[in-house]
Amino acid sequence: MTAPAYWSDDLDALMRRLGASASGLSGEEARQRLAAAGPSTPQQARAADAVRLIARQFASPLVLILVCGSLLAMALREWTEASVILAIVAGSTALGFAQEYRAGRAIDALQRRFALHARVLRDGAEIGVPFHEVVTSDIVILSAGDVVPADGRILEASDFLVSEASLTGESFPVEKRPGVAAADAPLSERSNCAFAGGSVRSGFAKMLVCATGEQSLLGAVAKNLQRGEQETEFSRGLRRFGYLLLRVAVLLVVFVLVVNQLLGRPFLESLLFSVALAVGLSPELLPAIVSVTLSAGARRMAKAGVLVRRLEAIENLGEIDVLCTDKTGTLTLGAARLDSALDPQGQPSTRAMDLAFINAGFESGIENPLDRAIIAAGEDQSRTLGDTIQGWRKIDEIPYDFQRKRLTIVVARDDQAEPLIICKGAFEQVLQICTEVETEGGPIPLTPALRTALTARYGAFGGQGQRVLGIAARACAAQADFTRDDERDMRFSGFLAFADPVKADAAQVVASLAASGLAVKVITGDNRFVAQHVADVLGLGADAVMTGAEIDALKGDALRPRLLATRVFAEVEPQHKERIVRVLQRAGKTVGFLGDGVNDAPALQAADVGISVDGAVDVARAAADVLLTQQDLGVLLDGVRDGRRAFANTLKYICITTGSSFGNMVSMAFATPLLPFLPLTAAQTLVINFMTDLPLMAVAADKVDPEQEGRPERWNIRNIQSFMLVFGLVSSVFDLITFWLLRGVLHAEEAVFQTSWFQISVLTEIVALVALRTARPFWTSRPAPWIMRLSIIVVLIALAAPYLPYVSQWFALRPPPAELLLFALLIAAGYGVATEAAKRFYYRKRPTPPA
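Reading guide: rules and limits
- Residues numbered from 1 in each chain as written.
- Predicted model: local features only at pLDDT ≥ 70, side-chain atom pairs only at ≥ 80, totals over all residues.
- Heavy atoms only, no water.
- Helix = DSSP H or I, 4+ residues; strand = E, 2+ residues; numbered from the N terminus.
- Buried < 20%, exposed > 50% of the residue type's maximum accessible area, 1.4 Å probe, protein only.
- Contact = heavy atoms within 4.5 Å.
- Areas by Shrake-Rupley, 256 points an atom, 1.4 Å probe, with all protein chains shown as cover.
- Pairing = 2+ DSSP bridges.
- Axes fitted to C-alpha atoms, helices over the stretch in contact; angles between N-to-C directions.
- pLDDT = per-residue confidence, 0-100.
- Patch = residues over 30% accessible without salt bridge, like charges linked within 9 Å, V, L, I, M, F, W, Y side chains within 5 Å.
- Salt bridge = Lys/Arg side-chain N within 4 Å of Asp/Glu carboxyl O.
- Phe/Tyr/Trp six-rings, centres within 6.5 Å; stacked < 30°, edge-to-face > 60°.
- Lys NZ or Arg CZ within 6 Å of the ring centre and 35° of its normal.
- Parallel < 35°, antiparallel > 145°, perpendicular 65-115°, else oblique.
- Left-handed = near helix turned anticlockwise from the far one by under 90°.
- Nonpolar A, V, L, I, M, F, W, Y, C, P; charged D, E, K, R; others polar.
- Right-handed = clockwise from strand over helix to strand, strands pointing away.
- Expected span 1.5 Å × (residues − 1).
- Bend = angle between axes of the 7 residues up to and from the residue.

What follows is about the overall build of the protein chain. Each helix and strand counted, the protein chain has 32 helices and 23 strands in total. Here the protein chain holds 851 residues, and the buried ones make up 56% of them. Counting contacts in the protein chain only where the partners sit at least 6 residues apart, residues at least 24 apart contribute 73% of the total. Surface accessibility of the protein chain: about 35200 Å² in total, with carbon and sulfur atoms responsible for 57%.

Looking now at the sheet that holds strand E8 (residues 306–308). If you trace the 8 strands from one edge of the open sheet to the other, you get E8-E23-E22-E21-E9-E18-E20-E19, paired in mixed fashion. The open sheet has two edge strands, E8 and strand E19 (545–547), and neither has a second partner. Neighbouring strand axes in the sheet, compared pairwise and without regard to direction, differ in orientation by 20 degrees on average. Two strands pair when backbone bridges link them, and E19 and strand E20 (residues 568–570) are joined in this way by 3 bridges, in the parallel orientation. Looking at E20, one finds that Val545 is bridged to Val568. Strand contacts of helix H22 (residues 574–586): strand E9 (322–325), strand E18 (519–523), E20 and strand E21 (591–594), with the helix running at about 160 degrees to E21, the strand carrying the most contacts. Packing against the sheet, helix H25 (residues 633–671) makes contact with E8, E9, E21, strand E22 (609–613) and strand E23 (626–628), and its axis sits at approximately 150 degrees to E9.

On average, residues of the protein chain score 81 in pLDDT, and 84% of them are at 70 or above. Mean pLDDT values over the elements of the protein chain span from 42, in helix H8 (residues 222–225), up to 95, in strand E14 (residues 434–437). Considering only residues more than four positions removed or in separate chains, one finds that residues 42–48, a stretch of pLDDT under 50, has 15 contacts.

Among the surface-exposed residues, Val250, Val254, Val258 and Leu262 lie close enough to one another that they form a single nonpolar patch of about 370 Å² accessible area. With relative accessibility at 43%, the residue Val258 sits in the partly exposed group.

A word on the pattern of salt bridges. Throughout the structure, instances matching the rule amount to 27 salt bridges. For Arg17, the salt bridge goes to Asp9, with nearest N and O atoms at 2.4 Å. The class for Arg17 is partly exposed, based on a relative accessible area of 45%. Given the relative accessible area of 17%, Asp9 is considered buried.

Turning to the environment of Val522, a few remarks are in order. Position of Val522 relative to the elements: it lies in strand E18. Residue Val522 is classed as buried on the basis of its relative accessible area of 1%. For the pair formed by Val522 and Ala570, sequence separation is 48 residues and the distance between their alpha carbons is 8.3 Å. Beyond its immediate sequence surroundings of up to four residues, Val522 is in contact with Thr325, Lys327, Leu331, Leu540, Arg567, Val568 and Phe569.

In this section: the packing of aromatic side chains. Counted according to the given criterion, the structure contains 17 aromatic pairs. Aromatic pair Phe492 and Phe495: ring centres 5.3 Å apart, planes at 70 degrees, arrangement edge-to-face. Under the relative-accessibility criterion, Phe495 is labelled buried at 0%. These aromatic residues form a ring-pair network of at least three members: Phe427, Tyr458, Phe461, Phe492, Phe495 and Phe529. One residue, Arg789, lies across the ring of Trp786, its end atom 5.1 Å from the ring centre.

Attention now goes to the packing of H25 against helix H26 (residues 682–696). Two elements in contact, H25 and H26, have axes separated by 12 Å at closest approach and are oriented at 165 degrees. Taken together, the axes of H25 and H26 lie roughly antiparallel to each other. For the crossing formed where H25 meets H26, the hand is right-handed. On the side of H25, the interface is formed by Tyr653, Ile656, Thr657, Met665 and Met668, while H26 contributes Thr685, Asp693 and Leu696.

Their axes nearest at 12 Å, the elements helix H28 (residues 717–745) and helix H29 (residues 750–772) cross at an angle of 150 degrees. With respect to their mutual orientation, H28 and H29 come out roughly antiparallel. Considering the relative orientation of H28 and H29, their crossing is right-handed. Contacts between H28 and H29 involve Phe723, Phe727, Asp735, Thr738, Phe739, Leu742 and Arg743 on the former and, on the latter, Phe753, Ser756, Trp757, Ile760 and Leu772. Here the contact of H28 with H29 is built from residues that sort into 8 nonpolar, 2 polar and 2 charged.

This next bit is on the pairing of E22. For a regular strand, side chains alternate in direction, first toward one face of the sheet and then toward the other. E22 sits mainly inside the fold: 5 of its 5 residues count as buried. Burial along E22 is two-sided: the residues Val609, Ile611 and Val613 and Gly610 and Ser612 are all buried. Looking at chain direction, E21 and E22 are connected through 3 bridges and run parallel. Looking across to E22, one finds that Gly592 is bridged to Val609. Taken together, E21, helix H23 (residues 601–606) and E22 constitute a β-α-β crossover, and its handedness is right-handed. Across 3 bridges, the pairing between E22 and E23 is parallel. Bridging from a neighbouring strand, Val613 pairs with Leu628 of E23.

Let us look at unusual backbone geometry. The phi dihedral of Asp489 is positive, around 50 degrees, even though this residue is not glycine. One can find Asp489 in the loop between strand E16 (466–475) and strand E17 (490–499).

Moving on, we come to the pairing of E14. Here 3 bridges tie E14 to E17, and the two strands are oriented parallel to one another. By the bridge assignment, Val437 is partnered in E17 with Phe492. In terms of strand pairing, E14 meets strand E15 (residues 444–445) through 2 bridges, oriented antiparallel. Residue pairing across strands places Glu436 opposite Pro445, the latter belonging to E15. The antiparallel pairing of E14 with E15 creates a hairpin that spans 6 residues between the two strands, and Gly442 there sits at a positive phi of about 115 degrees.

Look at H25: 56 Å from first C-alpha to last across 39 residues, which is about the 57 Å you get at 1.5 Å a residue. At Ser661, H25 shows its largest bend, some 30 degrees. Most of H25 sits inside the fold, with 34 of its 39 residues counted as buried.

Attention shifts here to the environment of Val583. By the element assignment, Val583 lies in helix H22. Since its relative accessible area comes to 6%, Val583 is described here as buried. Measuring from C-alpha to C-alpha, the distance between Val583 and Leu559 comes to 7.9 Å, with 24 residues separating the pair along the chain. Excluding residues within four positions of it along the chain, Val583 makes contact with Leu559, Arg560 and Leu563.

Structural data, given as structure tokens:
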């Protein structure tokens, strides 16, 4: 255990007390500590926890009433009725549990792919370990883009800025450095500590781990910070719709029970029948259908290279209508290549290449593709990094950050005491700290005219699609420490021009996304010239680019129309990306954001769907809802379509069950006082509900009409209510006609009436499934094979049940006359014709099923 106020302890004494050393723990010691203390990250409940899922199957008050009624029937020695009802309830709950458990196991496996790793010192060497294996007394190495894995003391740091918004609410990063804080210092004043969950924005540091797991600040408030508890619009809509059906079901129970009591019918029989009607009305397998549909989508997406952190992200992914993305790696090849190192006059320069090589070789912060490209270019020129930096020693480093957009290395030759400052970064940010320009004849002052000429040359490179960095240097006096203030009076030494060509199929992919109702907006930190070149190649328009400075200049409502019309944003900073996302959301858009860098984290968190890639920095992976194993918009489009399929298939279940079952159950409720007996027994009602739910379980793998995949859909409870009323009315009309024909024309007595209505109910619900699963004429949209197979099996069982000895006895079924069997088939066929006619009426102004 650590001292409560470890931030106030003397560092040497703290390390002795913790048994820590500058070289880190040994592997064996770390394993022992992990075994004793347990995993170091706050543990969340497994998605597939069996006890929780079993309890959830009995969460419906209607199911509980049914179970209690059955137990009461057993107490009154109504053994057959009670046993049949309990068996059906058990079968339904077992079916729901099995499907949800399987879905939970699938999402557990996917979540493991999101696991973050920390760099620690073990046995004197730097290694990577999963976050949950970090233990007290570990020495953790942190740099830009990392997520802090535990609470700890800073041992050494260089321009180390950490965002702690999740703990403090402060949106700006704070600088951390070694030192001692007061024992009663508030969190905001513990500048000598970093805390679990913080994200490193710039610089690097070594940290002594002092608190992990539940002992960390993050662990203490983990329940309030779990992303998975956030309710999506779709989940909220399902919950509200469930409450609506529950209210209707309760009214139905009370109405039927009261009417039956007024008619002098047995109370227990009336109670069980009324509750069975309510169960038939409620889509009790909806949680299982949602889980199965989404987990099936998640497995399909995983095979295609799209991983989801939580199942609800699939729903959101299908809803997005705007995709904001960086260009690097998604629209371009993502493999930056240094084309040339040029002097200020635009001529090849060995001096510029040497300075760039030294700067990249000594840089020790976040890895980046441009530094790798510089080193690779040097190796292509038969020079090695070791040869180039031989004779140089590194004195200091001023890490890159997104405000300065520069990286500075201070070096000196072994035989010279005078250091050399080498600064590399965004051209405009490098040029603004320069006062001189290198030429063959020696340095000359940087005049306004020369500044204009250099900027024009920079623009010409960008117009050819090249990303250009500036490089500058100056000699300086030796000093103990170098800071950002030393980035001044520099001498501009040249340009570094990088090529990252647009992918050959990028324009086609963007067009395909647009055709699918998904507008692409390119957001890049690159200059406006490169961005305009990309816009031209992608066919996004000649005036498509908006810069970060222009975003800053527009306030309030003036920004919204510009953002909606603009396709490419250039020279943007992290706060611009987040602002773009939030303004689009206020305009009614569902926004997906694709990014993989430190500067993308705020926008990833703000977006409706944060999307990152497998090789992204930790902070981007932690903020993402969806992870791509390939940085390819084509793969993402497949994921969006999978999301839309999952959304559409979930709605199918809701619409089919509420459309047909609502009509059936309401018809039986209102027919009850008009008939001298109940239309069905409770057991018959429940077994109809159970049997017709079986083919609906296959809806998760059903085919979706192309028009439903071609555009985003959102949850709309009003459309679903109108669907329920229209098709419920069609069902009710046929039910009442059937009741009249059976009783008033054919004079069917109780057992025959209930048997015929049992068969007709199953047949019409299967017809509803086949017809209502598509907005097209049902014969033009083929369902999934298992839907048809299970539907045929259910129909055969319903027709055969009265002739099976034990089954007919359990469910009080009697073989109907041949003319009644033909009558049932004719009613089902007529219902199918009427449903197709109602579909044509309903979908005249609604080209796809309700959402």
